[in-house]
Each structure stands twice: as structure tokens, then as C-alpha cells.
Amino acid sequence: MHDSRRTAVLEEELMPPFTPALWPGLTDVAEIHERYPALARFRERLGGTSFIEVPTAPGGATILAKCEWENPGGSIKDRVAYAMVLGAIRRHGDRPAEQLRLVEYSGGNLGLALAYLCEEMGVPLRIVVASFTSESTVDTLRSRGVTVDIAPEDEGFLGTIRGARRIAETEPGWQFLFQHLNPASLAMHELTTGQEIADQLAGRTPHTWIAAIGTGGTLVGVMNVLRRVNPELKAVGVTPAESPYGDENPPGPHRQLCGSGGFGYGLRQPFVQAYDDQIAQHCYVAYDESLAAAAEFFSLTGIRIGTSASANWLVARRIAAELPSDAVVATVFADAGTPEQRSE
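**Quick notes on the pairing of strand 4 (residues 125-129)**
Next, step 1: For strand 4, the tally of buried residues reaches five of five residues, placing the bulk of the element in the interior.
Next, step 2: With five bridges joining them, strand 3 (residues 102-106) and strand 4 adopt parallel strand pairing. Within strand 4, the residue paired with Ser-106 across the bridge is Val-129.
Next, step 3: Pairing geometry for strand 4 and strand 5 (residues 147-150), over four bridges, is parallel.

Below, the structure written as C-alpha cells:
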């Protein structure tokens, strides 16, 4: 099939456009929290993560990073997991709670976050993962009672989306969360991550906001809030050099930043595509660069960060070097990395 035709088919099947709209599902949660007390307890421990100053370029702008490993399940995806499960419960309606069954796809952190939350809630969960998903992630998912399906190796990450959709469409009872088009993700980052950063800036004006693109929910959701603080804010997306945002090539079996990257075939994440004209720049970091940066960051600070976090830090440091010392660059550290990363 011709590449342009293949892209059109993929977009129609897997990634239809996202239309920004208000999503009221994160408010008026008292009744749901009463019915699902484990969800309420998870929400109480969620967010409020530290926003710390991290090493910058000599003489360059200040870099502030949000430390998302402080969330209960260890990553920024805990926020998204809560919001999507909340939305799923709303769609589930008045049916018995024990009939709620969720299916999703994940490259790592979202699956772990959903597994942590669903185990606490007693909700059956099924996750489709890519063949290159780390062994530690798969082992943790299974240890928490998750049914794990592995997508065919030749389908790359797109195969995980197809697999989850197929389960929801052909096996009755499974509700598909679909993170790349679920408005709960974007709304949660606006309500919590973005608002927390705006408050923690404590009157300082952010010049640039930098975030790795998985779904793009973090990049866009926080951007929308910080634009209220500084309408001239520059938003910068980070993706792997091995699979950059909007890459026209077919996906390959490359090792790359955890939880981020393009799909191939010219597909773009719907959240980001909807705001393409507001993204100032896309930057690309190779996996080996991100590993080296994580090691350097640990040697400077004693803090372990994952590969998407270290890529964000690398890009932030490069941008900070071009800015005056009184400017502020904000970014996010999604997690503290995997055991496999720390062994390399």
C-alpha cells in the first residue's frame, strides 16, 4: 500500500483527530469515591510532587523539574490512570462495580500505574504490551494480577493499540481506556500537574516548558495552564531520535526513551497534533544520550531519573544555555527509571 494511503488508513483506524473540549469528569467525584474507596485513597496520595531546581548550563537560565516518581505508583502516569479509571466508572454507570473490567495498551508506566490502582480497587485489568517491553515491567504487571497480552513484534507499538481495541470490540465486557484519545488525560494534567507547577513557580515567569511526548497529554495540558502565567511561553516537545514525532518511516525495533516516541508512517499524537501551531519546537534525543545524561545527573545530584526525564533535562540544559540567568525553564521528570536502565 502506498505510504500516504497507509497513513490515511492508520489515522482512520487508530488515531482519529482529537478535538479540544471541556471534560467535566474530574469534578463532583464524591459519590464515585464513596462507591470506590480505594480510588479515593489513591487520589489523596496523588500529586503535590516536588518542583526542584536542577543543574543547568554555566551562566544559563534556572531549570526547575517536577519529580513525578513521588506519586503512589512511582510515575506521572499515576495521574492519568486515576483520571481514566474515574471516567470509566462514569461510563460504567449504575451497573454493579464487580462487572467493571478494563483493557488498555502500554509501553510501561501507564500499565504499571493502572495495575497498582486496579489491584487496590479489585478491578480486573488486561494490558497489551509491545514485544520490547522490559521484563521487569511484564513481571510486575503479572504479579499484580494483570492479564498481559504481547503484541506481534513486527507491528511495533501500533500493534498494542490494535490489540487492545480488538479485545474491547470482540470480547464482551472489556472497557477500552484508549489513552491517546481519552480527554481525561489532558484534563488531569491541566487540573493537577499544570496547576501545581503554576503554584510552585511562586510568582516566577516560565520562559519555556519542556516535556517528552508519549500521548502528549503532559506537554499540552501543562502548556495550557502555563500560558495563563505567560502568554508568550515556548512549549518544546521531546521524542527519541530513533522514532521522532511525526516520523514518516515505518516503526523499527529500536531501543528508545521509555514511554515516548513517534508511531511511524507520519502519524502524530492527536493531543499534540491538535495544538501543533502552538508547539515552538521539537527536539530529539538518542537512547545512548539519554542513558549518559541519566548517569551524569546521578553523579551531580545523587538522584536517579528515567530516560525520558534525562532527555528532558538534556534539552532543558541546551535551551537554558541560550537564555539569561534570570529566565526560568520548566520540565518534568516522569519517573526514576527501570531496573534494566540502572544496570546499563
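Now that the structure has been shown, we can carry on.
**Quick look at the packing of helix 3 (residues 37-44) against helix 4 (residues 77-92)**
Next, step 1: Between helix 3 and helix 4, the least distance of the axes is 11 Å, while the angle of their chain directions is 150°. By the criterion of interaxial angle, the relationship of helix 3 to helix 4 is roughly antiparallel. The chirality of how helix 3 crosses helix 4 is left-handed. Listed contacts from helix 4 to Leu-39, Phe-42 and Arg-43 of helix 3 are Asp-78, Tyr-82, Val-85, Leu-86 and Ile-89.
Next, step 2: By residue class, the composition of the contact of helix 3 with helix 4 is six nonpolar, no polar and two charged.

**Brief notes about the packing of helix 8 (residues 183-200) against helix 9 (residues 217-229)**
Next, step 1: Axis separation between helix 8 and helix 9 bottoms out at 8 Å; the angle between their running directions is 50°. One way to sum up the angle between helix 8 and helix 9 is to call them oblique. The hand of the helix 8/helix 9 crossing is right-handed. Residues Ser-185, Leu-186, His-189, Glu-190, Thr-193, Gly-194, Gln-195, Ile-197 and Ala-198 of helix 8 touch helix 9, and the partners they reach there are Gly-217, Thr-218, Val-220, Gly-221, Val-222, Asn-224, Val-225, Leu-226, Arg-228 and Val-229.
Next, step 2: Split by residue class, the contact of helix 8 with helix 9 holds eight nonpolar, nine polar and two charged.

**Considering helix 7 (residues 158-170)**
Next, step 1: Compared with an ideal rise of 1.5 Å per residue, which puts 13 residues at 18 Å, helix 7 spans 18 Å between its outermost C-alpha atoms and is within 8% of the ideal.
Next, step 2: Restricting attention to buried positions, one finds in helix 7 the residues Leu-158, Gly-159, Thr-160, Ile-161, Gly-163, Ala-164 and Ile-167.

**Let's talk about the environment of Ile-52**
Next, step 1: Locating Ile-52 in the fold gives a position in strand 1 (residues 51-54).
Next, step 2: Take Ile-52: its relative accessible area is 24%, and that puts it in the partly exposed class.
Next, step 3: Along the primary structure Ile-52 and Thr-19 are separated by 33 residues, whereas in three dimensions their C-alpha atoms are 34 Å apart.
Next, step 4: Not counting residues up to four positions away in its chain, the partners in contact with Ile-52 are Ile-63, Leu-64, Ala-65, Cys-67 and Ile-303.

Rules behind the numbers
- Residues numbered from 1 in each chain as written.
- Predicted model: local features only at pLDDT ≥ 70, side-chain atom pairs only at ≥ 80, totals over all residues.
- Heavy atoms only, no water.
- Buried < 20%, exposed > 50% of the residue type's maximum accessible area, 1.4 Å probe, protein only.
- Helix = DSSP H or I, 4+ residues; strand = E, 2+ residues; numbered from the N terminus.
- Pairing = 2+ DSSP bridges.
- Axes fitted to C-alpha atoms, helices over the stretch in contact; angles between N-to-C directions.
- Parallel < 35°, antiparallel > 145°, perpendicular 65-115°, else oblique.
- Left-handed = near helix turned anticlockwise from the far one by under 90°.
- Contact = heavy atoms within 4.5 Å.
- Nonpolar A, V, L, I, M, F, W, Y, C, P; charged D, E, K, R; others polar.
- Expected span 1.5 Å × (residues − 1).

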